[in-house]
Amino acid sequence: MQPTSTDRTEHVPVLVIGGSLVGLSASLFLGRLGVRHLLVEKHTATSHHPRGRGNNVRTMELYRTAGIEPAIREAACVLARNHGILQAESLTGDSQRWLFREIDPGGGLAALSPSSWCLCSQNDLEPVLLQHARALGGDIRFGTELTSFTQDADGVTAEILDRESGTTRTVRAGYLVAADGPRSPVRRALGIGQTGAGELFHNVSVTFTAKRLAEVVGDRHFIACYLTNPDADGALLPVDNQDEWVFHLPWHPEDGEPLDAFTDERCAAHIRTAVGVPGLEIEITGKAPWHAAERVAESYGQGRVLLAGDAAHEMSPTGAFGSNTGIQDAHNLAWKLAAVLGGWAGPGLLETYGQERRPVAVATSARASERSAEHSHPGYDALPAGGGRQSGVLTVALGYRYPAGAVVGVDPDRPVVPQPPAPPAGPGGTGGPVVPHAPARPGEQPVPGGPALPRGGAGPRLWTGDPGTRAPHLWVTRCGERLSTLDLYERAPVLLSGAASDAGWHAAAERAAGRLGVPLHRYRLGSVPAADLVTAPGTDWAAAHTTSEDGAVLVRPDGFVAWRADGASPDPEAELTAVLREVLRLA
């Protein structure tokens, strides 16, 4: 079909390129914030291949705030009972061990978060995101491809192609968000290079049905099973715990192995040998190659064009860090776009996107590669680096921090991802679960809902309200409704202060925000009648945030602490005004 063009130029504040997990999440978050946008995706529909299933607790917190956590859990119900990673020579032999058995052993995560992990395959999650993003007004067009773009000081001009009709249109956008995958044409057009170890290994993901396999698996309801038979290794993943499964076969294109060598017959024979059931009836239903790599873009954008997800970073799939990091990229970027477009932040706020997210990607991608080595992921021959303790999944998911950006009072020399002191059994096997209710300071008694320390009683304190970290979770009551403090953080910055204090932060925040035109929300916490948020008996909100009753905490719309005051100020209005100017890059 000969391409045709239309003379009409469409105008949107934000153009999103790519309609997979990250692009659709960006659309959802922008829609929640009332930002009009257009998303284009070259494929005709959402993903049909079951992959990218591990949604960590931080990602689920974001989806909770966006109002879609129940819908995602409903879509994921078939895998709700699956836990742990099993390693075995075969499913029928005696040589097998659990790399970890439970994602949240002991249920300690409930003290740290109102959410929990969720196994929801990409082909089940994307339709949920699409439905809710469209319900919020997102203009989402499948079968539509970006063909070119240019930018100037005032915006981005893009050409998009309807692949079915052949019609091209011009779109003028204030900003372009490229969530267009690891081989991102947008990143390449910008000339942005990448750093990191590069390609790690290659697999072919094979979907298949095998009616008898569930009998062999029995009650071992794993997330994944790494099968280590030297003649047929690979990773087995359940799709429905009954008939449908996925198997990742090692592929070695670096040795000249062609993709077409993976015939249905070869794949079926490989799976039979790997699981240890020679006569297993198998029907191959699909195949998709994928490449594990460790790469991070040298820059997260240029001018008014910004990268997110795999366009900005590639990670080994072990630990599901890649998709979760990308979804959290989109969340970080969405509130900043909303603030700049809404006029209550300066354009410089968008420069903090890369300052914050790139160091997280560098640290997380390295941890993902190390985790693949620790688990002897099929096709990956690297040995664990050893040496210092490695952070577990929970610490990476919730404990990372921003060393610079839209934050005030951070220590730039502290590690982006804390290193735990001991390796108890738990998520990741190293630096596992975290025990809540640890004392905030030496000599103090544990406080329900207070700060947490890694098990072992020493090492880095996590989730304690430090600037640049995720704000702590506390259960509170507002007008008779029980909610998490994390539920407060979405549409505007939030100032927390003590209801029993006369330090004046609450009133000063109203005056400072009014002067600057910032939509600041304010809450006083405590158990006294003046409290806007009533804390549970025995819960000390100030200890949970490592401040005092006379202190204050400013939390950004993405739930990260922007600034913290340890106590009263001689001029709280002036201090808050200065802090808001710095965080939001206001002139």
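Given the structure is predicted, the values throughout are model-derived calculations rather than measurements. (Residues numbered from 1 in each chain as written. Predicted model: local features only at pLDDT ≥ 70, side-chain atom pairs only at ≥ 80, totals over all residues. Heavy atoms only, no water.)

Caption draft 1: Broad picture of the overall build of the chain. Looking only at helices and strands, the chain features 13 helices and 27 strands. In terms of overall dimensions, the chain is globule-like: its C-alpha atoms have a radius of gyration of 24 Å, near the 25 Å expected for 587 residues. Along the longest, intermediate and shortest principal axes, the C-alpha atoms of the chain span 75 × 65 × 45 Å. Buried residues in the chain amount to 59% of all 587 residues. Summed over all atoms, the accessible surface of the chain reaches about 22,500 Å², with 50% contributed by carbon and sulfur. (Helix = DSSP H or I, 4+ residues; strand = E, 2+ residues; numbered from the N terminus. Rg over C-alpha atoms; globule rule 2.2 N^0.38 Å. Buried < 20%, exposed > 50% of the residue type's maximum accessible area, 1.4 Å probe, protein only. Areas by Shrake-Rupley, 256 points an atom, 1.4 Å probe, with all protein chains shown as cover.)

Caption draft 2: Layout of the packing of helix α1 (residues 21–32) against helix α4 (residues 122–135). Direction vectors running N to C along α1 and α4 enclose 25°, while the axes themselves pass 9 Å from each other. Taken together, the axes of α1 and α4 lie roughly parallel to each other. In the crossing of α1 with α4, the sense of the turn from one axis to the other is left-handed. Contacts between α1 and α4 involve Leu21, Leu24, Ser25, Ser27 and Leu28 from the first element and Gln122, Leu125, Glu126, Leu129, Leu130, His132 and Ala133 from the second. Tallied by class, the residues present in the contact of α1 with α4 amount to seven nonpolar, four polar and one charged. (Axes fitted to C-alpha atoms, helices over the stretch in contact; angles between N-to-C directions. Parallel < 35°, antiparallel > 145°, perpendicular 65-115°, else oblique. Left-handed = near helix turned anticlockwise from the far one by under 90°. Contact = heavy atoms within 4.5 Å. Nonpolar A, V, L, I, M, F, W, Y, C, P; charged D, E, K, R; others polar.)

Caption draft 3: Inspection of the nonpolar core at higher detail. Counting residues in each nonpolar core, the largest one holds 125 residues, and the members touching the most others are Tyr63 and Trp563. It is helix α8 (residues 321–341) that contributes the most residues to this core, ten residues altogether. Leave out the neighbours within four places in its chain, and Tyr63 touches Ser25, Leu28, Phe29, Ile68, Glu69, Ile72, Leu125, Leu129 and Ile327. By size, the runner-up hydrophobic cluster in this structure holds 30 residues, among which are Val217, Phe262, Ala268 and Ile271. (Core = buried A, V, L, I, M, F, W, Y, C linked by side-chain atoms within 4.5 Å.)

Caption draft 4: Structural context of helix α13 (residues 572–584). Counted at 1.5 Å a residue, the expected span for α13 with its 13 residues is 18 Å, and the 18 Å between its end C-alpha atoms agrees. For α13, the full list of buried residues reads Pro572, Glu573, Leu576, Thr577, Val579, Leu580, Val583 and Leu584. The buried residues of α13 occupy an angular sector of 165° when the element is viewed end-on, so they sit on one face. Of the surrounding secondary structure, the elements contacted by the buried residues of α13 are α8, β23 (494–498), α11 (505–516), β26 (552–555) and β27 (561–565). Remark: Arg585 follows α13 within two positions and exhibits a positive phi of approximately 55°. (Expected span 1.5 Å × (residues − 1). Arc of directions from axis to C-beta.)

Caption draft 5: The sheet that holds strand β25 (residues 533–535), seen in detail. Taken together, seven strands build an open sheet; the order of strands is β22-β21-β25-β24-β23-β26-β27 and the sheet is mixed. Taken across any chain shown, the strands that pair with only one partner, and hence form the sheet edges, are β22 (481–484) and β27. Within this sheet the neighbouring strands show an average axis-to-axis angle of 25°, counted without direction. Across two bridges, the pairing between strand β24 (residues 521–526) and β25 is parallel. Bridge pairing links Gly526 to Val534 in β25. This element, α11, spans β23, β24, β26 and β27 of the sheet and lies at about 175° to β24. In the packing of α13 onto the sheet, contacts are made with β23, β26 and β27, and the angle to β27 comes to roughly 160°. (Pairing = 2+ DSSP bridges.)

None of this, on its own, says anything about what the molecule does.
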